[in-house]
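Secondary and tertiary structure notes
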Amino acid sequence: MAIQWDALSKRHDEIAEILTSSSLDTSKRHKLQKELSFLTGILNKHKDIQALQKQVQETEQHAADNTDSDMALLFEQELIELQVRLEKEKIELDNRMFPADEMNERSIFLEIRAGTGGQEAALFAGDLQKMYTNYALKKGWKVEVDSSSATDLGGVREVVLYIQGHQVYGHLKHESGVHRVQRVPQTETQGRVHTSTATVAVLPEAEEVDVSINPADLRIDVYRSGGAGGQHVNTTDSAVRITHIPTGTVVACQDERSQHKNKAKAMKQLQSRILAAQVEKSQAQMSEQRKELVGTGERAEKVRTYNFPQNRVTDHQVDVTLKKLDMVMLGALDEIVDALRIKEHESRRKEFIVPS
């Protein structure tokens, strides 16, 4: 979109004039001061960019006109430095004008559930768990299994991963939705390709200031953890299930042997689920105003198809197809994730929003 810099400059001057009035109430003054500060920042940055662009043009001309090879080389080196500075300034201006989701920096809870397809869906859910774990480890993030429910054949009915690190939510938030697999199941004797699904939900980790939960709204149940048998069987009631009564949200954790640790983990997960619901509601309201849904992670949408016979994976959100499903399942998700992040950035640029 084209930014009307003259109009922004005029608005800046209008606000500065209004703020000289002594009759402004505190709330209105605070709002206008915030807008003035924002406009001052981007207008100054725009002027810096214009000055750099002029320097680039002049240096290009000097480099072209100079017949002294040594001087021409100096101008070319200076030109490279100016272009690097110009690109950095443009990126900074872009980030100021079209700010990214402030939650991008956060860690996440990533929930994978087996969908339609019985045992094959559970096996696929297990494969997705390995894929995301490998991707996270490649990024240098820390991965913990917060809770899980396994099947007899080695699949998972449901698993919740806690992934900690820099920009985890920013990288993985578009994974939410239905993931479809097309392959010959291990239980298929005639070699027929079946279609199964698993659902993924990505929840940004909540902070204390994000969600306020009244202890009176909680029902906390403790029970004995399931185990693999032998020494792994827990003989105490250490597993914890928490129900948030107003919203009906239920979380459970049995990963730790300590009831106290399981309760703490379950509370963090509960806060993140409630925060995710609040974010989704806010984004839905925004979409009605802007007629465009950005990054809602709606569960019903099919986001990706994994075709094993053709070694092909297709992401339907960005229409990207890769013929290297084997590598993707090992955690090579960068091409898809980068395409999704670029699409999000482009969608942010569709509307210039002055902070209110």
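Quick note: structure is the one above.
Quick summary incoming for the structure in this document. Bear in mind that the values here come from a model prediction, so they are computed numbers and not experimental data.

1. Considerations on the overall build of the protein chain
For the protein chain, the count of helices and strands is 8 helices and 11 strands. Counting only residues that meet the buried cut, the protein chain has 41% of its 356 residues in that class.

2. Notes on the sheet that holds strand E6 (residues 218-223)
Taken in spatial order, the 3 strands of this open sheet run E6-E7-E8, and their pairing is antiparallel. Bordering the open sheet on either side are E6 and strand E8 (249-253), each of which pairs with just one other strand. Pairwise comparison of adjacent strand axes, ignoring direction, gives a mean angle of 15° for this sheet. As paired strands, E6 and strand E7 (residues 239-244) are joined by 6 bridges and run antiparallel to one another. In the sheet register, Tyr223 faces E7, and the bridge partner there is Ala239.

3. As for helix H1 (residues 5-18)
Its 14 residues place the ends of H1 20 Å apart at the C-alpha level, agreeing with the 20 Å of an ideal helix rising 1.5 Å per residue. Within H1, burial applies to Trp5, Leu8, His12 and Ile15. The buried residues of H1 occupy an angular sector of 80° when projected down its axis, which confines them to one face. Opposite its buried face, H1 presents the exposed residues Asp6, Lys10 and Glu17, each directed more than 90 degrees away. Lining the buried residues of H1 we find helix H2 (26-65) and helix H3 (69-97).

4. A look at the sheet that holds strand E10 (residues 312-315)
With mixed pairing, 8 strands are arranged side by side in an open sheet as E2-E3-E1-E5-E4-E9-E10-E11. Of all strands in the sheet, those with a lone pairing partner are strand E2 (142-150) and strand E11 (320-322), marking the two edges. Going from strand to strand, the sheet's axes swing by 15° on average, the running direction of each strand aside. Two elements, strand E1 (residues 108-114) and strand E3 (residues 156-164), share 6 bridges in a ladder whose sense is antiparallel. Along E3, the bridge assignment pairs Phe109 with Tyr162.

5. Let's talk about the environment of Thr151
Considering the arrangement of structural elements, one finds Thr151 in the loop between E2 and E3. Assessed through its relative accessible area of 13%, Thr151 is described here as buried. Contact partners of Thr151, with chain neighbours within four places excluded, come to Gln119, Ala122, Val156 and Arg157.

6. Quick look at the side chain of Lys45
Of note, Lys45 is situated in helix H2. Apart from the residues within four sequence positions on either side, Lys45 is in contact with Glu89, Glu92, Leu93 and Arg96.

7. Focus on the pattern of salt bridges
All chains considered together, the criterion is met by 19 salt bridges. Close ionic contact of Arg11 with Glu35 constitutes a salt bridge, the shortest N to O distance being 2.8 Å. Remark: Glu35 occurs in helix H2 and Arg11 occurs in helix H1; sequence separation between them is 24 residues. With a relative accessible area of 29%, Arg11 lands in the partly exposed category. Residue Glu92 is joined to Arg96 by a salt bridge in which the shortest nitrogen-to-oxygen separation is 3.1 Å. Separated by 4 residues within a single helix, Glu92 and Arg96 lie in helix H3, roughly one turn from each other. One network of salt bridges, in which partners are shared, links Lys45, Glu89, Glu92 and Arg96.

8. Regarding the packing of H2 against H3
Think of two packed helices as two axes; the pair is described by the angle between the axes and how far apart they sit. One way to put it is that H2 packs onto H3 with a least axis distance of 9 Å and a crossing angle of 160°. By the criterion of interaxial angle, the relationship of H2 to H3 is roughly antiparallel. As H2 runs across H3, the sense of the crossing is left-handed. Here the residues of the contact of H2 with H3 are counted per class, giving 13 nonpolar, 6 polar and 10 charged.

So, how was this worked out
Residues numbered from 1 in each chain as written. Predicted model: local features only at pLDDT ≥ 70, side-chain atom pairs only at ≥ 80, totals over all residues. Heavy atoms only, no water. Helix = DSSP H or I, 4+ residues; strand = E, 2+ residues; numbered from the N terminus. Buried < 20%, exposed > 50% of the residue type's maximum accessible area, 1.4 Å probe, protein only. Pairing = 2+ DSSP bridges. Axes fitted to C-alpha atoms, helices over the stretch in contact; angles between N-to-C directions. Expected span 1.5 Å × (residues − 1). Arc of directions from axis to C-beta. Contact = heavy atoms within 4.5 Å. Salt bridge = Lys/Arg side-chain N within 4 Å of Asp/Glu carboxyl O. Parallel < 35°, antiparallel > 145°, perpendicular 65-115°, else oblique. Left-handed = near helix turned anticlockwise from the far one by under 90°. Nonpolar A, V, L, I, M, F, W, Y, C, P; charged D, E, K, R; others polar.

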